[in-house]
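# Understanding the architecture of this molecule
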Amino acid sequence: WWPMLLLFLAANLYSIDKSIVGVLAEPIRIDFGISDGQLGLLFGLAYTMLGALLGLVLGYLIDHHVRRTILAASIILWSLSTAAGGLAPNFEWFFVFRALVGLGEAAIAPAAISLIADMFPPHRRGRAVGAYLIGATIGSALSSIIPGWIVGANLHLDVPGFGSLSPWRSTFFLCGMIGPIVGLLLLTVREPQRRGVRE
């Protein structure tokens with residue numbers, strides 16, 4: 001159940017980092033001076049572009065390589081990209097960072113389901129998948145609560161080389177810096193043997 005706890009936390013982080021743009025859309029739009037159309041690109045194209053283009057490639061890698069390592073790398077990628085979004089100097093860089101978030105998060109569902117299928121016998125898989133999906137649901141709720149707390153507290157983080165970050169930027173930075181811890185902890189998990197694989 002240690003791997004399941006980490007998958008549960010990863011699902012939380014996935015939902016938070018995915019939805020955070022929508023929660024903080026207005027301060028992002030004002031800060032970058034962008035139009036509603038450009039904001040719509042951040043909601044849709046930026047997040048889905050790389051994941052849609054490389055989703056099958058990620059699926060192939062998950063089928064043929066160490067899933068634990070791929071998932072750990074994906075969590076670290078999307079989390080650091082979320083944090084970097086808080087440091088983005090303009091719309092173009094923010095768009096790039098959101099595309100990297102989408103790429104990283106495209107790996108979590110296929111990797112998590114594949115791992116669960118091999119970690120649990122058939123009569124326990126439903127509960128394990130349910131626990132993983134509950135993590136994503138809780139993360140969706142937290143994606144509104146956590147940014148609300150940080151912005152409501154008017155938190156201005158001081159980041160060396162970047163100065164004082166506005167509350168929306170501080171939110172991205174803080175939410176993004178939690179993920180690498182979960183990613184590194186996943187490397188402590190033993191890769192389960194694949195079930196039903198024919199040589």
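Our subject is the structure that appears above.
Figured I'd write up the structure that's included with this text. (Residues numbered from 1 in each chain as written. Predicted model: local features only at pLDDT ≥ 70, side-chain atom pairs only at ≥ 80, totals over all residues. Heavy atoms only, no water.)

What follows covers the packing of helix H3 (residues 36-43) against helix H6 (residues 91-105). Closest axis-to-axis distance for the H3/H6 pair is 9 Å, and the angle between their directions is 20 degrees. Taken as axis vectors, H3 and H6 run roughly parallel relative to one another. Between H3 and H6, the contacting residues are Gln38, Leu41 and Leu42 on the first element and Phe91, Phe94 and Phe95 on the second. Its residues placed into classes, the contact of H3 with H6 shows five nonpolar, one polar and no charged. (Axes fitted to C-alpha atoms, helices over the stretch in contact; angles between N-to-C directions. Helix = DSSP H or I, 4+ residues; strand = E, 2+ residues; numbered from the N terminus. Parallel < 35°, antiparallel > 145°, perpendicular 65-115°, else oblique. Contact = heavy atoms within 4.5 Å. Nonpolar A, V, L, I, M, F, W, Y, C, P; charged D, E, K, R; others polar.)

Note that Leu24 resides in the loop between helix H1 (2-23) and helix H2 (25-32). Residue Leu24 is classed as buried on the basis of its relative accessible area, which comes to 4%. Considered as a pair, Leu24 and Gly148 are 124 residues apart in the sequence and their alpha carbons are 8.9 Å apart. (Buried < 20%, exposed > 50% of the residue type's maximum accessible area, 1.4 Å probe, protein only.)

Further remarks concern the pattern of salt bridges. Under the defined criterion, the tally for this structure stands at four salt bridges. Note that Glu26 and Arg29 form a salt bridge whose closest N and O atoms lie 2.5 Å from each other. Of this pair, Glu26 and Arg29 both sit in helix H2, separated by three residues, roughly a single helical turn. With relative accessibility at 41%, the residue Glu26 sits in the partly exposed group. Put simply, Arg67 and Asp118 hold a salt bridge, and the shortest N to O gap is 2.6 Å. Here the residue Arg67 occupies a position in helix H5 (residues 67-85), and Asp118 occupies one in helix H7 (residues 108-119), the gap between them amounting to 51 residues. As far as the burial class goes, Arg67 and Asp118 line up, both buried. In the salt-bridge network here, residues are joined through shared partners; they are Arg67, Asp118 and Glu191. (Salt bridge = Lys/Arg side-chain N within 4 Å of Asp/Glu carboxyl O.)

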